[in-house]
Every structure is written in C-alpha cells, then in structure tokens.
Amino acid sequence: MALPERFNLRSLYLYLVCLITLVVSIFAAVQFVRSTVSLLYPDPGYHGYYYEAPGDELTEEEQQRQEELARDSQQRQSVLDMVGGATTLLIAGPLYVYHWRRVQAELPSRVAPAAPA
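Residues numbered from 1 in each chain as written. Predicted model: local features only at pLDDT ≥ 70, side-chain atom pairs only at ≥ 80, totals over all residues. Heavy atoms only, no water.

1. A closer look at the packing of aromatic side chains
Next, step 1: Tallying each qualifying case throughout the model produces 2 aromatic pairs.
Next, step 2: A connected cluster of aromatic rings, assembled from ring pairs, spans Tyr15, Tyr96 and Trp100. (Phe/Tyr/Trp six-rings, centres within 6.5 Å; stacked < 30°, edge-to-face > 60°.)

2. Regarding the pattern of salt bridges
Next, step 1: Inspection of every chain in the model, using the stated rule, returns 3 salt bridges.
Next, step 2: Among the ionic pairs, Glu62 bridges to Arg65, the shortest N-O distance being 3.1 Å. Of this pair, Glu62 and Arg65 are both found in helix H2 (residues 60-106), 3 residues apart, which corresponds to roughly one turn of the helix.
Next, step 3: On the basis of relative accessibility, which here comes to 43%, the residue Arg65 falls in the partly exposed class.
Next, step 4: Put simply, Arg102 and Glu106 hold a salt bridge, and the shortest N to O gap is 3.4 Å. With Arg102 and Glu106 both in helix H2, this residue pair falls 4 residues apart, about one helical turn.
Next, step 5: Put simply, Arg10, Arg102 and Glu106 are held in one network by salt bridges that share partners. (Salt bridge = Lys/Arg side-chain N within 4 Å of Asp/Glu carboxyl O. Helix = DSSP H or I, 4+ residues; strand = E, 2+ residues; numbered from the N terminus. Buried < 20%, exposed > 50% of the residue type's maximum accessible area, 1.4 Å probe, protein only.)

3. With respect to the environment of Arg34
Next, step 1: Examined against the element boundaries, Arg34 turns out to sit in helix H1 (residues 9-40).
Next, step 2: We classify Arg34 as exposed; its relative accessible area is 62%.
Next, step 3: It is 9.6 Å that separates the C-alpha atoms of Arg34 and Gly85, two residues lying 51 residues apart in sequence.

4. Section: the packing of H1 against H2
Next, step 1: Two elements in contact, H1 and H2, have axes whose closest approach is 7 Å; the angle formed by their N-to-C orientations is 155°. In terms of axis orientation, H1 runs roughly antiparallel to H2. Judged by the twist between their axes, the crossing of H1 over H2 is left-handed.
Next, step 2: Residue composition of the contact of H1 with H2, by class: 20 nonpolar, 14 polar and 4 charged. (Axes fitted to C-alpha atoms, helices over the stretch in contact; angles between N-to-C directions. Parallel < 35°, antiparallel > 145°, perpendicular 65-115°, else oblique. Left-handed = near helix turned anticlockwise from the far one by under 90°. Nonpolar A, V, L, I, M, F, W, Y, C, P; charged D, E, K, R; others polar.)

Have a look at this one:
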C-alpha cells in the first residue's frame, strides 16, 4: 500500500518543525505571561528573607537593605524571564509561520467535484 503523496520525507520534516516550533512558542508565551505577572505582582512571601550570620543581629537598616536587595533581585529575574520568553517567541514564531506556509503551499490542489448537470 503506497502512502499518499502528502506523506513523504519532506512533508514529515515540515510537519515536525511546525509541531516543535508551535510547542516552543506556547511554552515561551506562558513564560512571558508568568514573568509579566511576577513583575507586576511580586510574591509577597519572597520579601523579608535576609541573610543573618550565626550570632549576629541585623540592624533595622541592614534588614531593610537586605529586603530591598531581595526585591531588586526578584524584579531583575522577572525582567530577564520576560526577555527570554519574548526572544524565544520572536525566533520560534516566524519559523513556525514559514514552515506552515510551506506545508500549505505543497498540499495537492483540492479540486471541488463537478456539479451534476
């Protein structure tokens, strides 16, 4: 039994690239949205964690500085995650569109059946 001409090695490659880039784009979009939410609405439990050496008492000023450093670190990580997600989308999105258009262009023409006279 012969495979339809739609299923050859080239079309298999194009479909696989489309599948992979679509999945990567979905994960990148989720990462971008999550990091945007994290940037706009930071985790309140994250703040207040500071390093205290055994036997040392932190002053109020030092504790506030540690909390500010933790907030800055979380904000920086959120921005880096947003940039990573956006970059991945900017790379995978066009790759998906290009390969999907190639798939559509190589499909056999669908001719509508002639209407009975």
